[in-house]
Amino acid sequence: MNKREITLNVNDLDYSVRVESRRTLLDALRDDCGLSGTHSGCEHGVCGACTVIVNGEPVRSCLMFAVQAVNAKIRTVEGLSNGPALNPLQQAFSEHHALQCGFCTPGFLMLATSLLEQDPFISDEALLDALSSNLCRCTGYDTILSAIRSARDHAKGSLT
Amino acid sequence: MKPSAFVHHEPQTLKEALQTLSEVSDQEGRILAGGQTLIAAMALRLARPSHLVDINLIPELRVLEVQGEHLVIGATVRHSAFHQNVVDGPLGKLLCTVVKHIAHWPIRMRGTFCGSLANADPASEWCLVATTLEADLVLQSIRGERKLKAQEFFLGYLTTAMESDEILVAAHLPIPKPNTHFGFFEYSMRAGDFAKAMALVSYELDSGVMKNVKIGVGAVEGSARRMGEAEVALELKSPTPEHFAKAAELASLHALVSEADEEDNLYKRELVQTVVLRALDQSLLRT
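These notes cover the structure that comes with them. On a predicted model such as this, the values are computed, not experimentally measured, just so you know. (Residues numbered from 1 in each chain as written. Chains lettered and ligands numbered in written order. Predicted model: local features only at pLDDT ≥ 70, side-chain atom pairs only at ≥ 80, totals over all residues. Heavy atoms only, no water.)

Here we look at the overall build of chain B
Looking only at helices and strands, chain B features 10 helices and 14 strands. For 287 residues, the compact-globule formula gives about 19 Å, and the C-alpha radius of gyration of chain B, at 19 Å, lands near that figure. Seen through its principal axes, chain B has C-alpha atoms that stretch 60 × 45 × 35 Å. Within chain B, contacts between residues separated by at least 24 positions form 61% of all contacts whose residues are at least 6 apart in sequence. When the accessible area of chain B is evaluated, it comes to approximately 12,300 Å², of which 52% is carbon and sulfur surface. Taking the average location of the 28 positive side-chain charges in chain B and that of its 36 negative ones, the two points are 4 Å from each other. (Helix = DSSP H or I, 4+ residues; strand = E, 2+ residues; numbered from the N terminus. Rg over C-alpha atoms; globule rule 2.2 N^0.38 Å. Contact = heavy atoms within 4.5 Å. Areas by Shrake-Rupley, 256 points an atom, 1.4 Å probe, with all protein chains shown as cover. Lys, Arg positive; Asp, Glu negative; His and termini not counted. Charge placed at Lys NZ, Arg CZ, Asp CG, Glu CD.)

In structure tokens:
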């Protein structure tokens, strides 16, 4: 097997890993960088559980090869909290019961993080549309939506 | 599932990419642009390319600008580029409307306009846009360059006129006249899912009558197709509900539906009628 030595920058830390070109970013994060917070669901771009932020944009890490992420700034769910303290979005997920089994949660958190960063005033309608990208099998969509709305409104309060 | 092994090539220039592609094209070498269809197909082992020529690092393929009478869309322009108006007037607004129907937000961050055309899925919104609006498609290989009309490019279900050593380097969309009206309507079972049927209409409204009428239907036949009979029925007519209804009926009648049983064919015909009518209705709402 031909492996290539690459460096991935994840949550501002450099990880030197040896991967085959067919290694997805998802598998490289989980198995080579040891960052198993990003979850592997369908592995073909349907479920959104593996959503991470690459250069400021939310992407499916199962639909990108690790070798394509060299020189990119990658952010995963591990980068959200500051030590044991949850960030406001994570706190809102907890308060609004926006997770049950938790499998889809990292994907939703990263998707919501990037949506709120791109538009802190995102409308409820746009939020609902964008969130249709990810699947939750505990059918917790209402609580996920209210958690993100609450995080948005809370942040808006400090912006205005 | 995991993709099978391949050699990853990262050319820095188009010339280098064309050279590499010509060397690996007979060994199942493929272009990797956004990868939002290809990598999923590889994960399912439906595609097992031995070489991938990754064109994402080539600056000249990121072009998105008006050149003369056309909007030029380079090979690696992402769907998300069209979240904003990329060109003043009706075309920018149309692309802005259409892009929201393409998969989901994160997929649109990486998937590309030209990649959708090269994949030629019958349910692809951009294939419908290219076919209906008569895009020119620029293909390059080390043998040279050729330009095909969309109608010549799409040959059927997931099939195009591209040779295995060619790259679709750009799509050229004609800039419409300012008095052009567009209407688009898509029906799918879930948000972001493949279309069951969709229609795009375009016409110039001149002294109260429609001119240069174009009506395209996608996701029904192997490729998106213009519905000539419906177009003729609207030419030089006023945009009234009666005329729209007649055109939708004609599009439905002439759609080449090919479902397994007659009931499904009937359903598809009714869908065609509905999406064409709704696209025509939409055309009066925005200019």
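Re the interface of chain B and chain A
On the side of chain A, 23 residues touch chain B, which itself brings 30 residues to the contact. For the pair chain B and chain A, the summed buried surface comes to about 2,300 Å²; carbon and sulfur atoms form 59% of the total. For the chain B face of the interface with chain A, the top three residues by lost area are Trp105(B), Pro106(B) and Arg110(B), together amounting to 24%. The interface formed by chain B and chain A contains 3 salt bridges. Here Arg4(A) ties to Glu10(B) by a salt bridge, and the two come within 3.5 Å at their closest N and O atoms. Along the contact surface separating chain B from chain A lie 8 residue pairs in polar contact (both at pLDDT 80 or more). At the level of secondary structure, the elements contributing two or more residues to the side of chain B that touches chain A comprise β1 (7-9), α2 (38-43), β3 (51-54) and α4 (105-110) of chain B. Looking at the side of chain B that touches chain A, the element that brings in the most residues is α4(B), giving 5 residues. (Buried area = accessible area lost by both parts, 1.4 Å probe. Salt bridge = Lys/Arg side-chain N within 4 Å of Asp/Glu carboxyl O. Polar contact = N/O pair within 3.5 Å; in protein donor to acceptor, adjacent residues only side chain to side chain.)

Topic: the packing of aromatic side chains
Where two aromatic rings form a pair, the distance of their centres and the angle of their planes describe that pair. Residue and element names in this part refer to chain B. Taken as a whole and judged by the stated rule, the model has 6 aromatic pairs over all chains. For the ring pair Phe-82 and Phe-113, a centre distance of 5.7 Å and an interplane angle of 45° mean the geometry is tilted. Highlighted residues: Phe-82 in the loop between β5 (70-74) and α3 (90-99) and Phe-113 in helix α5 (residues 113-119), separated in sequence by 31 residues. Per residue, the accessibility class of Phe-82 equals that of Phe-113, and both read buried. Through pairs of rings, three or more aromatic residues link up here, namely Phe-82, Phe-113 and Trp-126. (Phe/Tyr/Trp six-rings, centres within 6.5 Å; stacked < 30°, edge-to-face > 60°. Buried < 20%, exposed > 50% of the residue type's maximum accessible area, 1.4 Å probe, protein only.)

Concerning the sheet that holds strand β11 (residues 180-188) of chain B
Residues and elements named next belong to chain B. With respect to topology, 4 strands assemble into an open sheet ordered β11-β12-β13-β14, the strand pairing being antiparallel. Looking along the sheet, the strands with just one partner apiece sit at the ends: β11 and β14 (225-226). Bridge count between strand β12 (residues 195-206) and strand β13 (residues 209-218): 8 bridges; the pairing is antiparallel. Bridge assignment links Ser-202 to a residue of β13, and that residue is Lys-214. Where α3 meets the sheet, it contacts β11 and β12, and its direction lies at approximately 5° from that of β11. (Pairing = 2+ DSSP bridges. Axes fitted to C-alpha atoms, helices over the stretch in contact; angles between N-to-C directions.)

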